[in-house]
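# Analysis of the macromolecular model
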Amino acid sequence: MEKRIINPWEWQNERSYVQAVEVTKPEGTLYISGQTAIDDDGKSSTSDMKDQLIQAIENLVSVIKEAGYECENIVRLNIYTTSSEELFSCFDVFRNWITKYNIKQASTVLEVKSLYETLKVELEVTVVK
């Protein structure tokens, strides 16, 4: 797989995403359903945004590893949240994860009216190999 990052500007670098990612010659593509703060027994979290974001990231990493892919090969990441204000107040959690794996992904953040049950954040990604 070959990956090329397209950034006509530099301002997005501080916001933990890139403008576009071109992938050529992939061996495989993994489309992951939105991951949230649901525990191993299927119970939705009632915790605050920060704890839910941490759990959603952990669940996402588990799915990626189980499929035999790597986090650094995430090329698309959509974030759905019930509160952009709450999400951005703990965005350092997200940035630290992005930095740890050197993820360079095209992203969109969407504030939605609600998510399933008590959930506040959902992460949807595409990963290539």
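Residues numbered from 1 in each chain as written. Predicted model: local features only at pLDDT ≥ 70, side-chain atom pairs only at ≥ 80, totals over all residues. Heavy atoms only, no water.

### Focus: the sheet that holds strand S6 (residues 121-128)
In spatial order, the strands read S3-S6-S4-S5; together these 4 strands make up an open sheet with mixed pairing. Each edge of the open sheet carries a strand with a single partner, namely strand S3 (29-35) and strand S5 (106-111). Each strand of the sheet is rotated relative to its neighbour by a mean of 10°, with strand direction disregarded. As paired elements, S3 and S6 share 5 bridges and run antiparallel to each other. (Pairing = 2+ DSSP bridges. Helix = DSSP H or I, 4+ residues; strand = E, 2+ residues; numbered from the N terminus. Axes fitted to C-alpha atoms, helices over the stretch in contact; angles between N-to-C directions.)

### Notes on the environment of valine 93
Topologically, valine 93 is positioned in helix H3 (residues 91-101). With a relative accessible area of 13%, valine 93 lands in the buried category. In sequence terms valine 93 and isoleucine 54 are 39 residues apart; their C-alpha atoms lie 7.0 Å from each other. (Buried < 20%, exposed > 50% of the residue type's maximum accessible area, 1.4 Å probe, protein only.)

### Brief notes about the environment of valine 121
With respect to the element layout, valine 121 can be found in strand S6. Of the residues examined, valine 121 reaches a relative accessible area of 0% and is grouped as buried. Along the sequence, valine 121 and leucine 110 sit 11 residues apart, while their C-alpha atoms lie 9.9 Å from each other.

### Some words on the packing of aromatic side chains
Here the structure, examined in full by the defined rule, presents 5 aromatic pairs. Ring geometry for tryptophan 9 against tryptophan 11: centres 6.0 Å apart, planes inclined by 25°, an arrangement best described as stacked. Look at tryptophan 11 and you get partly exposed, because its relative accessible area is 40%. Cluster of aromatic residues (ring-pair linked, three or more members): Phe88, Phe91, Phe94 and Trp97. Here the basic side chain of lysine 129 rests over the ring of tyrosine 69, its NZ or CZ set 4.5 Å away from the ring centre. (Phe/Tyr/Trp six-rings, centres within 6.5 Å; stacked < 30°, edge-to-face > 60°. Lys NZ or Arg CZ within 6 Å of the ring centre and 35° of its normal.)

### A closer look at the packing of helix H1 (residues 49-66) against H3
Look at H1 against H3: their axes get within 10 Å of each other, and the N-to-C directions meet at 25°. In this view, H1 runs roughly parallel relative to H3, as classed from their interaxial angle. Classified by chirality, the crossing of H3 by H1 is right-handed. Facing H1, whose interface residues are Lys50, Leu53, Ile54, Ile57, Leu60, Val61 and Lys65, H3 presents Val93, Phe94, Trp97 and Tyr101. (Parallel < 35°, antiparallel > 145°, perpendicular 65-115°, else oblique. Left-handed = near helix turned anticlockwise from the far one by under 90°. Contact = heavy atoms within 4.5 Å.)

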